[in-house]
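# Summary of structural features
In case you want the letters, here they are:
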Amino acid sequence: MLRSLNTGISGLRAHQTMLNVTANNIANVNTTGFKASRTQFADTLSQLVQAGVAPDQQVGGRNPAQVGLGVTTQAITTRFTQGATQTTGVATDLMIGGDGFFVVRQGGQQLYTRDGTFTFDALGRLVTAGGAFVQGWTAVDGQVNPNAPVGNLTLPVDAVLPPEATTAVSLGGNLPAGAADGTELVRDVEIFDALGTSSVLSLSFVQNGGTWTVTARDAATGTVLGGPQALTFTAGRLTTGATLTAGTVQVDLAAVTGYAEVSSLTVTGSDGAPAGSLTSYQISGDGAIVGTFSNGRTQVLGQVATAVFTNPEGLEKAADNLYVATGNSGAAQIGVAGQGQFGEIVSGALEGSNVDLSQEF
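As a starting point, this report considers the structure included with it. (Residues numbered from 1 in each chain as written. Predicted model: local features only at pLDDT ≥ 70, side-chain atom pairs only at ≥ 80, totals over all residues. Heavy atoms only, no water.)

Moving on, we get to the overall build of the protein. Looking only at helices and strands, the protein has 2 helices and 31 strands in total. A compact globule built from 361 residues would reach a C-alpha radius of gyration of about 21 Å, whereas the protein, at 36 Å, exceeds it by more than 25%. Seen along its three principal axes, the alpha-carbon backbone of the protein occupies a region of about 125 × 55 × 35 Å. Within the span of the protein, comprising 361 residues, buried residues form 37% of the whole. Looking at the protein alone, contacts between residues at least 24 apart form 59% of all its contacts between residues at least 6 apart. Distance between charge centroids for the protein: 16 Å, based on 14 positive and 26 negative side chains. (Helix = DSSP H or I, 4+ residues; strand = E, 2+ residues; numbered from the N terminus. Rg over C-alpha atoms; globule rule 2.2 N^0.38 Å. Buried < 20%, exposed > 50% of the residue type's maximum accessible area, 1.4 Å probe, protein only. Contact = heavy atoms within 4.5 Å. Lys, Arg positive; Asp, Glu negative; His and termini not counted. Charge placed at Lys NZ, Arg CZ, Asp CG, Glu CD.)

Laid out in structure tokens, this is it:
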């Protein structure tokens, strides 16, 4: 009688654990990045009442007779299936599509999470909703070294992108063949020196005696910087004079044509830029934080790191949607999102809980 009561109590205890797990799953149905748990049962040691006997010529064999002593909770495992995508439109809300975890640091300890509800704090540091520092690599001159140790990611709100001197200008379009002598077409392009000082390079195309010539001048002073240089066209294609040197700037004219009547000469491109301050940013699929500056240039400022584990079910849950690595999870393998086994990062979205309410009920 006492044994049967103990067996029944073991069942009540085991199923109470299952109900606790189920209740926790239901409670976290709207928790960002939450992964549901499931309970697995196993029977306990059974008492042998009668041993099995092999058959012989005189009597048939008998099976063993055993009385079970109850049930125990064998394991509580975490299901790392993908949660639903919840679009937010907030640039710092990140979701991992596929395998992987965000790497964060809290209290000197490295932790992991699927919850990408991040923001920049007053010091420009990327943090979780609970204040843990998001880990990654800070760019140096726009370059990220993913082989370096990870550290806190900071948005340099006072960053200034150095100026870039103009070295190349390109033109395209058509110079009209057969234009009247004295016809002049002028195209101006803004250029910059090494300090970011702006000036205007004026390119003057003049028709004389059936030949176009080009001269480069400083628009402000009229100083000749290059040319005059004759342009020779064969069947409408430029054959000589494709490059004009204007001081330190190389003017590429190779795309200019010389067909009749059409006048469509235009500046198609130039490098160089003044100094610029950070105006906005976006986070790409590989976790790169790309800043946009007031001079129209972009530059990588840093990159969010992700981690994968040989056995993610071996991770131990901690508070604030965080996980701790254990001996059975394996060491964290940190790398770049979207490469190999690392899932891709989606900006402006969060991963919902993977709890299935119908299954839980």
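Attention shifts here to the packing of aromatic side chains. Applying the stated criterion across every chain yields a total of 7 aromatic pairs. Judged by centre distance (5.6 Å) and plane angle (80 degrees), the ring pair of F80 and F101 falls under edge-to-face. Remark: F101 occurs in strand β7 (residues 101–106) and F80 occurs in the loop between β4 (71–78) and β5 (85–87); sequence separation between them is 21 residues. Aromatic pair F101 and F309: ring centres 5.7 Å apart, planes at 75 degrees, arrangement edge-to-face. Of the two residues, F101 is situated in strand β7 and F309 in the loop between β26 (306–308) and β27 (316–317); the sequence distance between them amounts to 208 residues. (Phe/Tyr/Trp six-rings, centres within 6.5 Å; stacked < 30°, edge-to-face > 60°.)

This paragraph deals with the environment of T44. Within the fold, T44 resides in the loop between β1 (37–43) and β2 (47–50). Placed 24 residues apart in sequence, T44 and G68 show a C-alpha to C-alpha distance of 6.9 Å. Apart from the residues within four sequence positions on either side, T44 is in contact with L69, G70, V71 and T72.

What the rule picks out here adds up to 4 salt bridges. Here R114 makes a salt bridge to E351, at a shortest N to O gap of 3.0 Å. One end of the pair, R114, is in the loop between β8 (109–113) and β9 (118–120); the other, E351, is in strand β31 (residues 349–351), and 237 residues separate them in sequence. Per residue, the accessibility class of R114 equals that of E351, and both read buried. A salt bridge links E164 to R297, with the nearest nitrogen and oxygen atoms 3.5 Å apart. With E164 in the loop between β13 (160–161) and β14 (168–174) and R297 in the loop between β24 (288–293) and β25 (298–304), this residue pair connects regions lying 133 residues apart in the sequence. In this structure E164 comes out as partly exposed when scored by relative accessible area, which is 35%. (Salt bridge = Lys/Arg side-chain N within 4 Å of Asp/Glu carboxyl O.)

Another aspect to go through is the environment of Q50. Looking at where Q50 falls in the secondary structure, it is placed in strand β2. Classification of Q50 as partly exposed rests on a relative accessible area of 34%. Note: C-alpha distance between Q50 and Q333 (283 residues apart in sequence) is 53 Å. For Q50, the residues in contact, after removing those within four places along its chain, are R62, N63, P64 and A65.

Omega for the peptide link from G227 to P228 comes to 5 degrees, which places this bond in the cis form. Despite not being glycine, D320 has its phi angle at roughly 60 degrees, a positive value. Secondary-structure assignment places D320 in the loop between β27 and β28 (322–324).

In this structure, L94, F102 and V304 are the most contacted members of the largest nonpolar core, which totals 23 residues. Mapped by element, the contributors of at least two residues to this core are β6 (94–97), β7, β23 (276–283), β24, β25 and β28. With near-sequence residues (within four places) excluded, L94 lies in contact with F102, G116, F118, I283, V304, I345, V346, S347, A349 and L350. Counting residues in hydrophobic clusters, the runner-up holds 22 residues, among them V169, L203, W212 and L265. (Core = buried A, V, L, I, M, F, W, Y, C linked by side-chain atoms within 4.5 Å.)

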